[in-house]
There are 2 protein chains.
Amino acid sequence: MKEALQNNPPGEWIPEIPDECIRLHCGYPAPALVPDEEVKAAVNRLLEEEHDLPLHYIGSPKIIKLKEQVLKRLKERGISVTEKEFLITSGACQAIDLIARILLDEESIVAIESPTYMEALEIFQNYTKHLISIPVDKHGLQTDVLEEILEEREQKGLALPRFLYTIPSFQNPTGTTMTGERRQHVLELANRYNFLVVEDDAYGELSFNKSFPTLKAMDQNSRVLHVGSLSKIVAPGMRIGWIAGASEIIHACAWFKKDLNHPFAQAVMAVYLANTDFNNKLVAMRDTYRSKCNVLTSALEQYFPAASWYVPEGGYFVWMKIPGADTSELLTHALAEGVSFIPGQYFFKEQATGTEYLRLSFSYADEQEITEGIRRLGKVAQAYL
Amino acid sequence: MKEALQNNPPGEWIPEIPDECIRLHCGYPAPALVPDEEVKAAVNRLLEEEHDLPLHYIGSPKIIKLKEQVLKRLKERGISVTEKEFLITSGACQAIDLIARILLDEESIVAIESPTYMEALEIFQNYTKHLISIPVDKHGLQTDVLEEILEEREQKGLALPRFLYTIPSFQNPTGTTMTGERRQHVLELANRYNFLVVEDDAYGELSFNKSFPTLKAMDQNSRVLHVGSLSKIVAPGMRIGWIAGASEIIHACAWFKKDLNHPFAQAVMAVYLANTDFNNKLVAMRDTYRSKCNVLTSALEQYFPAASWYVPEGGYFVWMKIPGADTSELLTHALAEGVSFIPGQYFFKEQATGTEYLRLSFSYADEQEITEGIRRLGKVAQAYL
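These lines cover the structure that appears in this document, whether it is placed above or below. Please read these numbers as outputs of a predicted model, since none were measured by experiment.

What follows is about unusual backbone geometry. Residues and elements named next belong to chain B. Across the junction of Ser 114 and Pro 115, the peptide omega takes the value 5°, indicating a cis bond. Positionally, Pro 115 belongs in the loop between β3 (109-114) and α4 (118-125). Cis rather than trans, the peptide bond between Asn 172 and Pro 173 has omega equal to 15°. Secondary-structure assignment places Pro 173 in the loop between β6 (163-166) and α6 (180-192). Although it is not a glycine, Arg 239 adopts a positive phi angle of roughly 50°. Looking at the secondary structure, you find Arg 239 in the loop between β8 (224-229) and β9 (241-244).

Below is the structure:
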């Protein structure tokens, strides 16, 4: 059977989190921002209007509306793609999985950010063992290091990456954002060394101040596969994501996805979006997360004088380094004190690299919880380091 | 990119069906049997009780209830599996895709029924070109032919199938059901020639009279991967299916499925099932489909004296042979007369084999439509054959 068999079972990466625990580990939207009332209204409206129709395979004609709504939003952000260059997926994870599935074989090379989104890391490792880690600093992916590696591989006649997977804005887990120069540099390298760029933009609309142009909007040679999602800005449980990219790649992804579609969820989201002033909602989201981020970083300044972290310009996460720490060990003690986080190791291909790091999420817990959580974590860190 | 690129785009297998057309092509449940009111009530109850919880990644704790409910139903049908031997999937298609994904590579051999479920055929062809077609007669899969082929391959030192894919009860597209002897024979062959059996039981509960033991219930050596679904008995658009089988295979499937889960749909179905007398509903479903099937076959007797078909004991479909017909050509004329069906060729690996056949579905259209549809089809057949 496939090698994935050898890996840990799903979800075994972290000990069970007690219910009463302050949840600084999970990249969930703030409960108050999840539109459960609006989703309920959308379902009622949809089924009252269309009865059984949305519950069949093909589902409601409103599914086309969802496509149009997302394409319209992308256009507002400088991404103009046709229907043939666009595919709705079951969340960004299905998008990443489909891309990996059509582009990778066991010999393929993938360049990844180090650290990077753990699920993407797992998905790529389902297809190939040949992942090249490119370090991230406070300005995002270190494109100069990427260039050196590509140059060296070319000189040595080694294979070049099939694609680079990057989260340029408000990266998971570091919260960092790639500068405009580096974004330009990535696209230059993609052209020079003939690889594709998978741009994961899950957090792209959650900027605290200024927002940044997507790689896809800057892309002149249709090298970028832009992956987006409603998970962080509406509700993860609805599993709505998408890919915008070259039509032949979208075509192949659509083929593999064919029978793995979710018509009901798509129709519900179409009705929800049609009845929502989403730009207005986004303003509220940005305010909420900016404020929660400030609460978290102030608490860190108070309780972690010796630690360092990047101050994010958007998104959900703060990435912290505690010199000398083993953050996996720290987690066991933290959970005993009722606070959770994700140890850094899980975001690296070379897990040992991550021992001193941890990811804190300010998205889910409320502001009082965040302050109290960091207080407890500081206490634990002092006691055990 | 993967070879799937070379295939037709999704959905291009059939011309567009006009809205006013009598739909004898689609394997959809009867509109009146799709519980849109109950689904609405379930969504309202779920979100009123749990607010944002079902809309996050992990979703509602009720998801566990769904597992228990399905396991309980399987047990009533003689299939006793543990939690580790069971996985909820996004419909039977994701189940089949996951199984193919972990068990197949480009060299793998898969034995399929001929004809068989077109989506399964497409899915397997995404992984391997080496499909062996085993003919189906009125008693289902011809296991003696399977045995001959296996014997011959073994003598010639050729590779044996990784698995057999079969729909033993109320097969798609033929509507035929495998006899008890043949079921026993399949399991014997699986043991003797060391292959797995993927049992697609999507229609298994929709028997008109007596029901048949599943291969999984008869399986002593855990060779059977039992695939089931709520699509035909509740609502396809909710995309709830499952696999019951050996724990190491379930484990591997779960790994690949990991981030492709649909927590909201699962919680909604859990609430729906918890508030439904499902066995009672099944009685009504069987009555409805038995009656519709009778209406279809009586109409065939009247309008297709020269054709032949199998009389199904359950399920959704009637498989008809019109000697000398080209059913793909016939379809164009039929659509012009406002009636649809699926030409036989799409259910065969060797498409030419299917030219004289077509699949009629009695599940979706109402009884008046079925009679009128067959009348029109008979008229078209007379005119063009």
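This paragraph deals with the sheet that holds strand β14 (residues 357-361) of chain B. The strand order β10-β11-β14-β13 (chain B) describes an open sheet built from four strands, whose pairing is antiparallel. If you trace the sheet from one side to the other, it starts and ends with β10 (308-309) and β13 (342-343) of chain B, each paired once.

Turning our attention to the packing of helix α5 (residues 143-155) of chain A against helix α6 (residues 180-192) of chain A. How two helices sit against one another is set out by the angle between their axes and by the gap between those axes. Residue and element names in this part refer to chain A. Contact geometry of α5 with α6 gives a least axis separation of 10 Å together with a crossing angle of 15°. Comparing the axis directions of α5 and α6 gives the class roughly parallel. As for how α5 packs across α6, the hand of that crossing is left-handed. Contact residues: α5 offers Thr 143, Asp 144, Leu 146, Glu 147 and Leu 150, while α6 offers Arg 182, His 185, Val 186, Leu 189 and Arg 192. Split by residue class, the contact of α5 with α6 holds four nonpolar, two polar and four charged.

Moving on, we get to the pattern of salt bridges. Using the criterion set out here, one finds 42 salt bridges over all chains in the structure. Close ionic contact of Glu50(A) with Lys62(A) constitutes a salt bridge, the shortest N to O distance being 2.8 Å. With Glu50(A) in helix α1 (residues 36-50) and Lys62(A) in helix α2 (residues 62-76), this residue pair connects regions lying twelve residues apart in the sequence. A salt bridge links Glu337(A) to Lys379(A); the shortest N-O distance between them is 3.3 Å. Residue Glu337(A) is found in the loop between α11 (327-336) and β12 (339-340), and its partner Lys379(A) is found in helix α12 (residues 367-384); the two are separated by 42 residues along the sequence. Here Glu337(A) falls in the partly exposed class, since its relative accessible area comes to 34%. Given the relative accessible area of 45%, Lys379(A) is considered partly exposed. Several salt bridges share partner residues, and in doing so they unite Glu37(A), Lys40(A) and Glu48(B) into one network.

So, about the packing of α11(A) against α12(A). Residue and element names in this part refer to chain A. The geometry of α11 relative to α12 is characterised by a closest axis approach of 9 Å and an angle of 125° between their N-to-C directions. If you check the angle between α11 and α12, you find them oblique. Every pair of crossing elements has a handedness; the one defined by α11 and α12 is right-handed. Contacts from Leu 330, His 333 and Ala 334 in α11 reach Leu 377, Val 380, Ala 381 and Tyr 384 in α12.

On to the relation of the copies chain B and chain A, then. Superposition of the two copies of the chain requires a rotation about an axis together with a shift along that axis. With an RMSD of 0.0 Å, chain B superimposes on chain A once it is rotated by 180° and translated 0.0 Å along the axis. Considering both components of the superposition, the chain copies are consistent with a two-fold axis. Most of the interface of chain B is mirrored in chain A, where 100% of its interface residues are also at the interface.

Residues and elements named next belong to chain A. With respect to the helices and strands, the residue Asp 200 is situated in strand β7 (residues 196-200). Lys 232 provides the closest opposite charge to the buried, salt-bridge-free Asp 200, at an N-O distance of 8.8 Å. Only 3.1 Å separates the side chain of Asp 200 from the backbone nitrogen of Ala 202, close enough to count as a polar contact. Ignoring any residue separated from it by four or fewer positions in sequence, one finds Asp 200 in contact with Ile 96, Tyr 117, Tyr 165, Thr 166, Ile 167, Pro 168 and Val 227.

When the parts come together, some accessible area is lost, and that loss is often what is quoted as the size of the interface. On the side of chain A, 64 residues touch chain B, which itself brings 64 residues to the contact. The junction of chain B with chain A conceals about 6000 Å² of combined surface from both sides, 64% of it contributed by carbon and sulfur atoms. Counting across the interface, chain B meets chain A through four salt bridges. Across the salt bridge formed by Glu48(A) and Lys40(B), the nearest N and O atoms sit 3.4 Å from each other. Counting every contact that joins chain B to chain A gives 16 residue pairs in polar contact (both at pLDDT 80 or more). Of the residues assigned to the side of chain B that touches chain A, the class counts are 34 nonpolar, 15 polar and 15 charged.

Thresholds, definitions, all that
- Residues numbered from 1 in each chain as written.
- Chains lettered and ligands numbered in written order.
- Predicted model: local features only at pLDDT ≥ 70, side-chain atom pairs only at ≥ 80, totals over all residues.
- Heavy atoms only, no water.
- Helix = DSSP H or I, 4+ residues; strand = E, 2+ residues; numbered from the N terminus.
- Pairing = 2+ DSSP bridges.
- Axes fitted to C-alpha atoms, helices over the stretch in contact; angles between N-to-C directions.
- Parallel < 35°, antiparallel > 145°, perpendicular 65-115°, else oblique.
- Left-handed = near helix turned anticlockwise from the far one by under 90°.
- Contact = heavy atoms within 4.5 Å.
- Nonpolar A, V, L, I, M, F, W, Y, C, P; charged D, E, K, R; others polar.
- Salt bridge = Lys/Arg side-chain N within 4 Å of Asp/Glu carboxyl O.
- Buried < 20%, exposed > 50% of the residue type's maximum accessible area, 1.4 Å probe, protein only.
- Least-squares fit on C-alpha atoms with pLDDT ≥ 70 in both.
- Lys, Arg positive; Asp, Glu negative; His and termini not counted.
- Polar contact = N/O pair within 3.5 Å; in protein donor to acceptor, adjacent residues only side chain to side chain.
- Buried area = accessible area lost by both parts, 1.4 Å probe.

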